[in-house]
2 protein chains.
Amino acid sequence: MKLIAEVLKITAGGKQIAIISEKSANSLGVHSSDRIKITYGSKEMIAITNVAVHFPQNRIGFYEEISKSLGIKGKETVTVELAEIPESLVHVRAKLRGERLREKEIKTIVEDVVERHLSEVEIAAFLTALNIYGLSISENEALSRVMVETGKKLDFGEGPILDKHSIGGIPGDKTSLIVVPIIAAAGFTIPKTSSRAVTSPAGTADRFEILCPVKLSNIEIKKVVKKTNGCLVWGGALDLAPADDLFIQVEYPLGIDPLLLPSILSKKKAIGATHVVIDIPTGRGAKIKNLTEAYTLASDFVEIGKRLKMNIQCALTFGEQPLGRAVGPALEAKEALSTIMGNGPDDLKEKAITLAGMLFEMVGLKNGRQKAHDIMQSGKAEKKLREIIGEQGGNPKIKPAEIVLGDKIGSIKATKSGIISRINNESIVRIAKAAGAPKAKGAGLILIKKLGESVKKNGTLLEIYAERNTKLKTALELANKLKPIVLNKKIEDQMLLDKIPKKISDQKQFILER
Amino acid sequence: MKLIAEVLKITAGGKQIAIISEKSANSLGVHSSDRIKITYGSKEMIAITNVAVHFPQNRIGFYEEISKSLGIKGKETVTVELAEIPESLVHVRAKLRGERLREKEIKTIVEDVVERHLSEVEIAAFLTALNIYGLSISENEALSRVMVETGKKLDFGEGPILDKHSIGGIPGDKTSLIVVPIIAAAGFTIPKTSSRAVTSPAGTADRFEILCPVKLSNIEIKKVVKKTNGCLVWGGALDLAPADDLFIQVEYPLGIDPLLLPSILSKKKAIGATHVVIDIPTGRGAKIKNLTEAYTLASDFVEIGKRLKMNIQCALTFGEQPLGRAVGPALEAKEALSTIMGNGPDDLKEKAITLAGMLFEMVGLKNGRQKAHDIMQSGKAEKKLREIIGEQGGNPKIKPAEIVLGDKIGSIKATKSGIISRINNESIVRIAKAAGAPKAKGAGLILIKKLGESVKKNGTLLEIYAERNTKLKTALELANKLKPIVLNKKIEDQMLLDKIPKKISDQKQFILER
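Note that the coordinates shown come from a computational prediction; the quantities given were computed from them, not determined experimentally.

How each quantity is defined
- Residues numbered from 1 in each chain as written.
- Chains lettered and ligands numbered in written order.
- Predicted model: local features only at pLDDT ≥ 70, side-chain atom pairs only at ≥ 80, totals over all residues.
- Least-squares fit on C-alpha atoms with pLDDT ≥ 70 in both.
- Contact = placed C-beta atoms within 7 Å.
- Pairing = 2+ DSSP bridges.
- Helix = DSSP H or I, 4+ residues; strand = E, 2+ residues; numbered from the N terminus.
- Buried ≥ 20, exposed ≤ 12 C-beta atoms within 10 Å, placed from the backbone.
- Nonpolar A, V, L, I, M, F, W, Y, C, P; charged D, E, K, R; others polar.
- Core = buried A, V, L, I, M, F, W, Y, C linked by C-beta atoms within 7 Å.
- Axes fitted to C-alpha atoms, helices over the stretch in contact; angles between N-to-C directions.
- Parallel < 35°, antiparallel > 145°, perpendicular 65-115°, else oblique.
- Domains from an automatic or database assignment.

## A closer look at the relation of the copies chain B and chain A
Least-squares fitting of chain B to chain A yields an RMSD of 0.1 Å, with the transformation described by 0.0 Å of translation along the axis and a rotation of 180°. Read as a symmetry element, the transformation amounts to a two-fold axis. Comparing contact sets, 100% of the residues at the interface of chain B also lie at the interface in chain A, consistent with an isologous, same-surface contact.

Structural data, given as C-alpha cells:
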C-alpha cells in the first residue's frame, strides 16, 4: 500500500511509531500494536502501528524518530506493508508460558528492545513474567552479556579496572564519592559511572554534579581517567547497555526490578571492570530485608561475575537507617566533601574505608582496610577528589561552606524524651522528595538524631531544607504525619512492628535505583 | 505549572496522553508514564505523560481525546501538576506479587482501565500476572461483575433471555446463525451480540454482515428483538463491558487470554441473559486441548454463572476439524443459509440442533433436541432468519447463489489416495487469511474432504477462493507448504504426532476470539 508521509514534529520518546487511519489499517490487515514495514527508496524500517480514527486515509504519520531515520521531510510517498511477527516476540511469549530462554533467544529480545521493534506492552509483559518466574543463573548471565553486546564499551587499557556499586535502597548513600578517590589515589583505575535519581532524593550523579559536571562524553571520560585514574560521571548518555535504560522505563511504573543483576553487571562489564565490590545494604527498610536474601543475591553476583570474567565481592552492609546524616544532592555533596576532609559521620567513613579496603585486597594488597584508612587520613584522598573535580570541569578548591543549600529551613522536634529506636528509610525518602529533592538541588534533610542516640523533649530530630516555602511546609506536614523517627524510653517499650491490613496510604513506595 | 495548550489533530486510540518537554517534566518531577492532572477552568482530568525531547518548553500537546474532553482549541493556558499514584496501581502491583484481589480492589482497576487512568504498560503487566497466576473463582466473578458495572446494559424486559456463546478456536463455526433463529422461532428472546474476527478468518459479526447490517444502535437492537425475538449484531460499538475491549487490545499482541471467563460472562450479563449455553470446542487443534481441561473450564463457567445469577450449561463439542466445510465470511454465510434451508453439512446441523435443544430444556421444555429439529425441518427457522435479516436492514429474500464469492479460485489436490486422518485447524486459518479473509469478504476456502473421508490421487482436498490473483497465489503456496489435510492408507500408517524442538516458523499462532 502506498501512503503519503506526514511528519509530526514531536518525538515519541525513542519509540518508532507510525500512525495510520482505521481504513488503511483494515486494508493492510493491521491492528494497533502490529508492526508494519515502511519502505522509502532504498531505506526500510519496522514501526509499531497506532491506528487513529480521524487520521486522513491516504496518509501515514511519522514521529521524529522515524522521519529522521528514513530522511523524510513530508509529502513523500512510502510503501507500507504488514511486517512479520519478529522472532523475539515468539520468545517473549515462551517466557510468558514460563519457559527458560537460551542466550540466543534472549539476544533476539534484547536486540529488538534496542532496535525498538518490541512495543512497550510486549516489554512490560516480558519483564512481568521475569519478575514472577525469576531468572536462572544462565538467564542472568545471558542477559548481562547481550546487554553489553548491544551497547557501547569503554576501554581503559591494561587492567586491573576496579569498580564499586551499590544495589541501592537506602537514602543518603554517598560512599562512592569517597571510595573512588581513595582507590584512584593508590594508583588504581576506577572509572565510576552512576545514575541520577529515579525514585530517590539523589543519585550518585546528582550528588557529584554539585561539585562538577558529570555529563561527559566517552572521550572526555578517558581523558579524566588517564590524568587522575578515576572519574565520577553520569552513565545515562554513554550508551552502555542501552537496553537497561529502556527496561527501567517500563519497570519504573510497575515497581518491579527483575533485572537487578544483569542491569548492574552489564554496566560494569561495559567499562571493562575486572574487580568489583557490590554493596548490598541489608535490613528492615532496605531493598534486601534480611541476611538470607542477601546471601542468595550475593552468591548469584559472584557466580555470574565469574561467568562474565569479573572478580566480584559483595559487602552486606547495615541498611536500617540512612547513611550519614544528609539526604538530598547538595546536602550530601557537602557531607561527602566534609568527610573526606576529616569531619564526617563515622558510619560513612567506616563504610567507605571498608569497601575501598576490600577492593585493595582483591587486587592483591595486604591490609587493604589500613591502606584505605591511611589514604583518607593523609589527605591524599581529598587531594585526589579535588583533582577529579578539576578535571571534570569543577572548582577544585571548593569548600563545604560554599555549597549552596536551600535557605528555607524547618525542623521536627521530639514530643518526648527517649532513645531513637527506629528510622523509616522510606519515610525519609518521601520527606526529602516533598522538600524538593532531587530537582531542587539544595533541598533535602539532615538527620540530627540517628539510631541509639538520645534526645530530650523538644530536642531537634530532623532539619528540613527547601528552596521554596510551600515545599518546606508540605515536607514538614508530611514529616509530622509519617513520624519517620521513632523514639522510646527503652527498646522494650514498643513490641508492635506492624499492623495488618495496612491502609492504602501506608503502602510501600518502590525504590528503583542503581 | 502553567503551560500553553497545543492541539495535535490526531487521536491516541482512546488513550489519554499529553506531551510535555523534558524541561517541564523535570520541573514537575514527572517521568514518562507518570500521571499528570490538567486543570482548565472548572474542568480537570488525569493524563499519562509522554516526555518528548524537542517539544517546546512552555507547551503541552494534547491528542484529540484530551482536547475534546477539556474543550480546548489550542493556545489556552492550562495548569499542570503531578498527579498522585492511583489506588488501582497499588492493586496492580499487589497482583504482580501474586496477591489475591478482592472485588473492591478489582473494581478500582477496571474503572481506571475504562477511564484510561492506567497506561498500556500497567495493563499489560496486570494481564500477564493474571495469566501466570491464574484467577480464582472469586476474582473471575468480581471481574465479570465490575466489567458489567462499568459499561452499558441492554434491557429486554421480562425474562427468560436466552443466549449462546462459543469460546472460539475452530474455524468455520457458524452455529450462531442457525441457533438464534431456531430459538427465536420458538418464541424465546435471544439477543445475540458477537465480535468481528481478531485473529481468525471470520467472526460471527463478519459472517452475518454478508446477509445484513450488523452495526445497530442499542435502540435499533431493541426494535429488532421486539419484532423478531432475536438479533445477530456486532457488540463492538454497544459499550457493553468496555473494559474487555481494552483488555483485548493488550492481550492480542501478547497472545494471552487470561480473561476468557469474565470476558464472555460480562457480555452475557450486560444483555440480561438468564439462560446461556457455552460451547467449548475441545480436542487437538482447538483452544481447549483435552476433556480434562474442558471439564475444569466448564465447571468454572457454571459456578461463576450461578454467582452472577445466570443459569449456564456448557457443551463440550468435537473441535478437531473446522465446522462445516466453508471458511471465510461470505462462504460461511452461504453455508449457514443453505443449512437452515435444508442443504448443509451434517456436523453443523447436528451442532446447531444440539445447542438449541439444550437451551430449550434449560427453560423447561421437554425433548428440546426434537423441538429444535422440528423447527429446522418445518422451515420455521429459515423464516425467522429471513425475518431477522429483514429487520436488521438486509434483503430477506436472499438466495445462497446470490452471495458473492471471490472469483479467483484454485484447488489443492491429493498427491496419493487415502483416508483423511487429520486436519490442522491452525493451518486452515492461516491459508484462509492468506487468501484475504476476513478483509476480503469473498475470500476463504472450502474443505472438499474432511476427517474419515476418502480421496483418490489427484482428487481435490481444498478449494481456495480469493478476490485477487496475488492473494490466491500466496494462499495456494502456503497450503502446499503447510499441508493442512493429512491422509493415510490406514490410521496406523502415521505414528508420529509432532517433532521437538520445532522450527520457529512452526510456532503456534494464537487464536483470540469471543
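## Some details on the sheet that holds strand β15 (residues 444-447) of chain B
Note: strands within a sheet are paired through backbone hydrogen bonds, in either parallel or antiparallel orientation. Residues and elements named next belong to chain B. Taken in spatial order, the 4 strands of this open sheet run β12-β15-β17-β13, and their pairing is antiparallel. Where the open sheet ends on each side, the last strands, each with one partner, are β12 (326-327) and β13 (408-413). Across 2 bridges, β12 lies against β15 in antiparallel orientation. Residue pairing in the sheet places Val 327 in a bridge with Leu 445 of β15.

## Some points on unusual backbone geometry
Residues and elements named next belong to chain A. Residue Pro 160 is bonded to the preceding Gly 159 through a cis peptide linkage, with omega at -10°. Here Pro 160 shows up in the loop between α6 (137-149) and β7 (162-166). Here the bond from Ala 437 into Pro 438 is cis, since omega is 0°, no more than 30 degrees from zero. Positionally, Pro 438 belongs in the loop between α17 (425-434) and β15 (444-447). Not every positive phi belongs to a glycine, and Lys 483 is a case in point at roughly 45°.

## Details of helix α11 (residues 260-270) of chain A
Residue and element names in this part refer to chain A. Extensive coverage of α11 is indicated by the burial of 11 of its 11 residues. If you check which residues of α11 are buried, you get Leu 260, Leu 261, Pro 262, Ser 263, Ile 264, Leu 265, Ser 266, Lys 267, Lys 268, Lys 269 and Ala 270. Of the surrounding secondary structure, the elements contacted by the buried residues of α11 are α6, β7, β8 (190-194), α10 (242-254), β10 (275-282) and α12 (291-307). In the segment just after α11, Gly 272 is the residue with positive phi, at about 80°.

## Points about the pairing of β15(B)
Residue and element names in this part refer to chain B. Across the two faces of β15 the burial is the same, with Gly 444 and Ile 446 and Leu 445 and Leu 447 all buried. Bridge count between β15 and strand β17 (residues 460-466): 4 bridges; the pairing is antiparallel. In the sheet register, Gly 444 faces β17, and the bridge partner there is Tyr 465.

## Here we look at the interface of chain B and chain A
At the junction of the two partners, chain B supplies 42 residues and chain A supplies 42 residues. When residues of the side of chain B that touches chain A are traced back to their parent elements, those giving at least two are α1 (22-28), β4 (43-52), α3 (87-96), α5 (120-133) and α10 (242-254) of chain B. Looking at which element gives the most residues to the side of chain B that touches chain A, the answer is α5(B), with 9 residues. In the side of chain B that touches chain A, the residues fall into 19 nonpolar, 17 polar and 6 charged.

## Considerations on the nonpolar core
Nonpolar side chains in soluble globular proteins tend to end up buried together. Counting 276 residues, the largest nonpolar core has A:Ile182, A:Ile183, A:Ala435, B:Ile182, B:Ile183 and B:Ala435 as its most contacted members. If sequence neighbours within four positions are ignored, A:Ile182 has contacts with A:Ala352, A:Ala356, A:Ala372, A:Ile375, A:Met376 and A:Ala381. Counting 26 residues, the second-largest nonpolar core is a separate cluster that includes A:Ile19, A:Ile20, A:Val78 and A:Val80.

## Details of the packing of helix α4 (residues 103-114) of chain A against α10(A)
The axes of two packed helices give the description: the angle between them and the distance between them. Residue and element names in this part refer to chain A. It is at 9 Å that the axes of α4 and α10 come closest, and there the two elements cross at 75°. Judged on the interaxial angle alone, α10 and α4 are roughly perpendicular. Residue-level inspection shows Val 110, Val 113 and Val 114 of α4 in contact with α10, the latter providing Pro 242, Ala 243 and Leu 246. Classifying every residue of the contact of α4 with α10 gives 6 nonpolar, no polar and no charged.

## Concerning the environment of B:Val146
Residues and elements named next belong to chain B. Among the secondary structure elements, Val 146 is positioned in helix α6 (residues 137-149). Judged by C-beta crowding, with 24 C-beta atoms within 10 Å, Val 146 ranks as buried. Separated by 120 residues in the primary sequence, Val 146 and Ser 266 have C-alpha atoms spaced 8.3 Å apart. Not counting chain neighbours up to four residues away, the residues in contact with Val 146 comprise Glu 103, Ile 106, Lys 107 and Val 110.

## Brief notes about the sheet that holds strand β16 (residues 454-455) of chain B
Residues and elements named next belong to chain B. An order of β16-β14-β18 is seen for the 3 strands of this open sheet, with the pairing classed as antiparallel. Every interior strand has two partners, whereas the edge strands, β16 and β18 (485-488), have only one. With 4 bridges connecting them, strand β14 (residues 418-423) and β18 associate as antiparallel partners. Its bridge partner being in β18, Ile 419 is matched across the sheet by Asn 488.

## Notes on the domain arrangement of chain A
Residue and element names in this part refer to chain A. Taken as a whole, chain A is organised into domain 1 (2-82), domain 2 (87-134), domain 3 (162-243 + 257-400) and domain 4 (408-494). On a C-alpha basis, the centres of domain 3 and domain 4 stand 26 Å from each other. If you look at the interface, domain 3 gives 19 residues, while domain 4 gives 20 residues. Sorting elements by how many residues they give to the side of domain 3 that touches domain 4 places helix α13 (residues 329-340) first, with 3 residues. Here the residues of the side of domain 3 that touches domain 4 are counted per class, giving 13 nonpolar, 4 polar and 2 charged.

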